[in-house]
Amino acid sequence: MKRRSFVKQSIIGGAVAAITPSVAMSHAKTAATEYYELRVYTFKDERQQKLTEDFYRDVFVPVVKKLTNEPVGVFTEFSPAGQSKFFVLIPYANFAQVDHLFDQLESDKDYWAKGAAYLNAPANDPAFEQLDTSLLKAFKNSPVKELPAKEERIFELRQYKSASEAAGKKKVGMFNDKGEIDIFKRLGFKPVFFGETVIGDNRPNLTYMVTFKNMDDKAAHWKSFVDDAEWKRISAPADYADALLVSKITSTMLKPTSYSLI
């Protein structure tokens, strides 16, 4: 049976299959805008979660760090209702690097051997119940990630879904052109990334991640944001009202695993 790497099993592999590794390496030297792959796992039980976590801790995170020099973020829900979902954030220096990493993993025999329990899990005893994958392009005014200090920290992953492409682009414009990104940074939210989903479910949407010390710190920061004079100014025009631009906001609080590089 022909082996299929984990990356190829996601939507991402097929989307970039036309980009050759040589092009990927060339682009890696020149591109300035990052991409992010976000994987969200749903598990049936602790056994599935342990099998998947073991794979990421012992195999995937160190291998990807070695191949791309990019830090993979791995998170669980801060306060799950039942079995925690599992979140993996994979940064790419550019779009072409997605396919290049796939090619490297596809031919890495050691990767397949060490990750066999996860990569070759049988259909009657799978490693997870569901895997949702999306690919995000970094905003032009925040083209690369910013890593928080390795100290006490939790993360908020927020997604703004829009009812139309035009509404989604206008909301992205609030971040890029109207200064919303600058407000987050000025108020000390320590954003990790801002990205627009180019492949994935629930499009059109934008997704971003911000950092806090704890839940009290989160509450204080969001109060400062809502009360901020500049935010009130840019959100005041009727055509920038959330009711017009955003149809659903999803907020998920996350805590990093001990082996997360973000």
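(A) Expanded view of the sheet that holds strand S6 (residues 193-199). With antiparallel pairing, the eight strands of this closed barrel are ordered in space as S1-S3-S2-S8-S5-S7-S6-S4. In this sheet, neighbouring strand axes are inclined to one another by 35 degrees on average, regardless of whether the strands run parallel or antiparallel. Direction of pairing for strand S5 (residues 154-161) relative to strand S8 (residues 248-256): antiparallel, over a ladder of seven bridges. From the neighbouring strand, lysine 161 faces S8, where its bridge partner is lysine 248. Here helix H3 (residues 46-68) sits on the sheet and contacts strand S1 (35-42), strand S2 (73-77) and strand S3 (86-92); the angle it forms with S3, its principal contact strand, is near 20 degrees. The strands touched by helix H7 (residues 165-176) are S5, S6 and strand S7 (205-212); relative to S7, the strand with the most contacts, the crossing angle is about 35 degrees.

(B) Seen up close, the side chain of arginine 158. Assignment of secondary structure puts arginine 158 in strand S5. At 2.9 Å, the side chain of arginine 158 and the side chain of glutamate 156 are in polar contact.

(C) Structural detail: the packing of H3 against helix H4 (residues 96-106). H4 packs onto H3 with a crossing angle of 115 degrees between their chain directions and a minimal axis gap of 11 Å. Both H3 and H4 take part in a crossing whose hand is right-handed. From H3, Phe60, Val63, Val64, Leu67 and Thr68 reach across to H4, where they touch Gln97, Leu101, Gln104 and Leu105. Considering only residue class, the contact of H3 with H4 consists of six nonpolar, three polar and no charged.

(D) Spotlight on the nonpolar core. Ranked by internal contacts, the top residues of the largest apolar core, which has 28 residues, are Phe55, Tyr56, Phe60, Val72, Phe86, Val88 and Tyr111. For this core, the secondary-structure elements that each account for two or more residues are S1, H3, S3, H4, helix H5 (109-114) and helix H6 (116-119). Among the elements that line this core, the one with the most residues is H3, at eight residues. By size, the runner-up hydrophobic cluster in this structure holds 25 residues, among which are Tyr160, Tyr208, Phe212 and Leu245.

(E) Spatial organisation of the layout of surface pockets. By volume, the largest pocket amounts to about 550 Å³. Contributing to the lining of the largest pocket are 21 residues, with Val40, Phe87, Gln159, Asn202 and Thr250 lying nearest its centre. Looking at the lining of the largest pocket, the elements with two or more residues in it are S1, strand S4 (130-138), S5, S7 and S8. At four residues, the largest contribution of residues to the lining of the largest pocket is made by S4.

(F) Region of the structure containing the pattern of salt bridges. For the coordinates displayed, the defined rule picks out 20 salt bridges. Between aspartate 54 and arginine 57 there is a salt bridge, with the nearest N and O atoms lying 2.8 Å from each other. One end of the pair is aspartate 54 and the other is arginine 57, both in helix H3 and three residues apart, which spans about a single turn. Judged by its relative accessible area of 35%, arginine 57 falls in the partly exposed class. In this structure, lysine 185 and glutamate 146 form a salt bridge, with 3.0 Å as the shortest nitrogen-oxygen distance. In this pair, lysine 185 sits in helix H8 (residues 180-186) while glutamate 146 sits in the loop between S4 and S5, placing the two residues 39 residues apart along the sequence.

(G) Structural detail: the environment of phenylalanine 86. Within the secondary structure, phenylalanine 86 sits in strand S3. You can call phenylalanine 86 buried: its relative accessible area is 0%. With 46 residues separating them along the chain, phenylalanine 86 and valine 40 place their C-alpha atoms 5.7 Å apart. Excluding residues within four positions of it along the chain, phenylalanine 86 makes contact with Arg39, Val40, Tyr41, Phe43, Thr52, Glu53, Tyr56, Val74, Phe75, Thr76, Thr257 and Tyr259.

Rules and cut-offs
Residues numbered from 1 in each chain as written. Predicted model: local features only at pLDDT ≥ 70, side-chain atom pairs only at ≥ 80, totals over all residues. Heavy atoms only, no water. Pairing = 2+ DSSP bridges. Helix = DSSP H or I, 4+ residues; strand = E, 2+ residues; numbered from the N terminus. Axes fitted to C-alpha atoms, helices over the stretch in contact; angles between N-to-C directions. Contact = heavy atoms within 4.5 Å. Polar contact = N/O pair within 3.5 Å; in protein donor to acceptor, adjacent residues only side chain to side chain. Left-handed = near helix turned anticlockwise from the far one by under 90°. Nonpolar A, V, L, I, M, F, W, Y, C, P; charged D, E, K, R; others polar. Core = buried A, V, L, I, M, F, W, Y, C linked by side-chain atoms within 4.5 Å. Buried < 20%, exposed > 50% of the residue type's maximum accessible area, 1.4 Å probe, protein only. 1 Å grid on protein atoms, 1.4 Å probe; cavity = no way out; pocket = protein on both sides within 12 Å on 5 of 7 lines; lining within 4 Å. Points joined across faces, edges and corners; volume = space filled by probe spheres on them. Salt bridge = Lys/Arg side-chain N within 4 Å of Asp/Glu carboxyl O.

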